[in-house]
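Chains, contacts and geometry: an overview
Next come the chains, spelled out residue by residue.
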Amino acid sequence: MAKITIRTLQKMKAEGRKFTSLTAYDATQAHWVSAAGIDVILVGDSLGNVIQGHDSTVPVTVADMVYHTAAVARGNGDSLLMADLPFMATATLESTLDASRQLMQAGAEMVKLEGARWLAPAIEQLARNGVPVCAHLGLTPQSVNKFGGYRVQGKDDAGLQLLEDADALVAAGADLLLVECIPATLAAELQKRSPVPVIGIGAGADVDAQVLVLYDMLGLNPGRTARFVRDFMADADTPQAAIALYDQAVRNGDFPQPEHQF
Ligand SMILES: Nc1nc(=O)c2c([nH]1)NC[C@@H]1CN(c3ccc(C(=O)N[C@@H](CCC(=O)O)C(=O)O)cc3)CN21
Ligand SMILES: CC(C)C(=O)C(=O)O
Ligand SMILES: [Mg+2]
């Protein structure tokens, strides 16, 4: 497999081909995920839940993200390596740039940040400094305390707000959009109007790519899982085989199904 870059993802969108993303938190997982041909590895701040045992991503620090990003980078093959900016790292322009520098120097090739149009100046500054950006919209888990729980976002009038936020962030230089837990109809509308690829989780099938938390799609999560999760270990003997099944299912449109969307 050739090295995946933002140009590869743009080309796949232009050709109407789906691409794939999964989280990884350590070198071994990064090896499995990249060897299966997953296009984008996300070092997600969901590590706060699945590794650290917190009930949200709020406690995760920049130092935690740097540690896991460096481990994932060592195990990665050809996947594009994206890392989350954690809670409050984007509070100021200065903190955004400093945290992004640390993640990029640990081996990330793109950073992801949660938020809306107020992040446009930060994205412009990152673009000028050569840092590709994915803007995460909709259910942004770092705001769980502000939302009052993990709730579907972008319903009714908030849908138009989300589309306008996306436009502003793309105009500022965002290279990718990621939407979580929004109505599938809204995600489809966004996919149509967006010049950059749109990755979805709980956003239906009509987007350019899908992402899941690795532990969720391997059925490793002890608690209740969200509606958008499918356990790919149910039909596989090994984690590597389950990851390959997920990759195929996303590319050929078998995942997600209507039961996984809102
Ligand atoms: N293991 C894991 N998987 C994830 O997908 C994930 C994390 N951890 N940690 C960070 C955030 C938290 N996320 C979550 C957590 C819960 C729901 C959830 O329960 N959603 C409801 C929707 C409720 C509604 O209808 O408004 C669901 O039924 O899926 C969604 C996203 C996604 N991220
Ligand atoms: C759920 C995905 C999109 C994420 O941000 C994470 O794993 O932290
Ligand atoms: Mg995250």
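Cut-offs applied
- Residues numbered from 1 in each chain as written.
- Chains lettered and ligands numbered in written order.
- Predicted model: local features only at pLDDT ≥ 70, side-chain atom pairs only at ≥ 80, totals over all residues.
- Heavy atoms only, no water.
- UniProt positions renumbered as here; feature names shortened; annotations may be inferred.
- Core = buried A, V, L, I, M, F, W, Y, C linked by side-chain atoms within 4.5 Å.
- Buried < 20%, exposed > 50% of the residue type's maximum accessible area, 1.4 Å probe, protein only.
- Helix = DSSP H or I, 4+ residues; strand = E, 2+ residues; numbered from the N terminus.
- Contact = heavy atoms within 4.5 Å.
- Salt bridge = Lys/Arg side-chain N within 4 Å of Asp/Glu carboxyl O.

Under an unreviewed UniProt entry, the name given to the protein is 3-methyl-2-oxobutanoate hydroxymethyltransferase, and the organism recorded is Natronospirillum operosum. Within the UniProt record for the protein, the comment given under Catalytic activity (unreviewed entry) is "(6R)-5,10-methylene-5,6,7,8-tetrahydrofolate + 3-methyl-2-oxobutanoate + H2O = 2-dehydropantoate + (6S)-5,6,7,8-tetrahydrofolate". As stated in UniProt under Subcellular location (unreviewed entry), the record for the protein gives "Cytoplasm".

Things to note about the nonpolar core
Among the nonpolar cores identified, the biggest contains 80 residues, and Leu22, Ile123, Leu177, Leu212, Met217 and Tyr246 are the most heavily contacted of them. Looking at this core element by element, the count peaks at 6 residues for helix α8 (residues 157-172). Those residues within four positions of Leu22 in sequence are excluded, and the remaining contacts are Val33, Ile38, Val40, Ile41, Leu42, Val211, Leu212, Leu214, Met217, Ile243 and Tyr246.

Focus on the UniProt feature "binding site: 3-methyl-2-oxobutanoate" (unreviewed entry) in the protein
Taking the numbering used here, the UniProt-annotated feature "binding site: 3-methyl-2-oxobutanoate" (unreviewed entry) corresponds to Asp45, Ser46, Asp84 and Lys112. Spatially, the listed residues are clustered: although they cover 68 residues, their C-alpha atoms lie within 12.7 Å of one another. Within the fold, Ser46 resides in the loop between β2 (40-43) and α3 (47-50). The buried category is assigned to Ser46, whose relative accessible area is 15%. Residues within four places of Ser46 in sequence aside, it is in contact with Thr23, Tyr25, Thr57 and Val213. Looking at the secondary structure, you find Lys112 in strand β4 (residues 110-114). For Lys112, a relative accessible area of 2% translates into the label buried.

Some details on the pattern of salt bridges
Here the structure, examined in full by the defined rule, presents 12 salt bridges. The closest approach of N and O atoms between Lys13 and Asp208, which form a salt bridge, is 2.9 Å. Of this pair, Lys13 sits in helix α1 (residues 6-14) while Asp208 is found in the loop between β7 (198-201) and β8 (209-212), placing the two residues 195 residues apart along the sequence. You can call Lys13 buried: its relative accessible area is 16%. As a salt-bridge pair, Arg17 and Glu15 come within 2.3 Å of each other at their nearest N and O atoms. On the accessibility criterion, Glu15 (42% relative accessible area) is partly exposed. Each of Lys11, Glu15 and Arg17 takes part in salt bridges that share partners, so that together they form one network.

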